[in-house]
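Overview (structure and organization)
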Amino acid sequence: MKRSRNEVSRWRMLRQAQRRRSQWVEAQSRTYRHLTRLRHLQLKQQRRSLLFSVTSYGI
């Protein structure tokens, strides 16, 4: 069945919008994951430095 020109363009626009939305969501999650990793590393470093100061104080 042949589709009208308007129908084809509407479907194309919808598909494009959907693709943009999914890419945006993916980028957001990537950014968030990056931030959480940084936060986690920072906490790890703080714990390590605290542990070091406690052990060196005991000597």
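In case you missed it, the structure is sitting above this.
This write-up is about the structure you can find in this document. (Residues numbered from 1 in each chain as written. Predicted model: local features only at pLDDT ≥ 70, side-chain atom pairs only at ≥ 80, totals over all residues. Heavy atoms only, no water.)

Description of the overall build of the protein
For the protein, the helix and strand inventory stands at one helix and zero strands. Going through the 59 residues of the protein one by one, you find that 0% of them count as buried. Here the protein has roughly 6400 Å² of accessible surface; of this, 57% comes from carbon and sulfur atoms. (Helix = DSSP H or I, 4+ residues; strand = E, 2+ residues; numbered from the N terminus. Buried < 20%, exposed > 50% of the residue type's maximum accessible area, 1.4 Å probe, protein only. Areas by Shrake-Rupley, 256 points an atom, 1.4 Å probe, with all protein chains shown as cover.)

Let's talk about the pattern of salt bridges
This structure, assessed with the given rule, holds two salt bridges. Residue E7 is joined to R3 by a salt bridge in which the shortest nitrogen-to-oxygen separation is 3.5 Å. Taking relative accessible area as the criterion, R3 reaches 45% and is therefore assigned partly exposed. Across the pair R30 and E26 runs a salt bridge whose closest N-O atoms are separated by 2.9 Å. Here R30 and its partner E26 are both found in helix α1 (residues 5-58), four residues apart, which amounts to about one turn of the helix. You can call E26 partly exposed: its relative accessible area is 45%. (Salt bridge = Lys/Arg side-chain N within 4 Å of Asp/Glu carboxyl O.)

Examining a positive patch on the surface
Among the surface-exposed residues, R12, R15, R19 and R20 lie close enough to one another that they form a single positively charged patch. In this fold, R19 is placed in helix α1. Residue classification places R19 among the partly exposed residues on the basis of a relative accessible area of 46%. (Patch = residues over 30% accessible without salt bridge, like charges linked within 9 Å, V, L, I, M, F, W, Y side chains within 5 Å. Lys, Arg positive; Asp, Glu negative; His and termini not counted. Charge placed at Lys NZ, Arg CZ, Asp CG, Glu CD.)

All quantities given are derived from atomic positions and should not be read as evidence of function.
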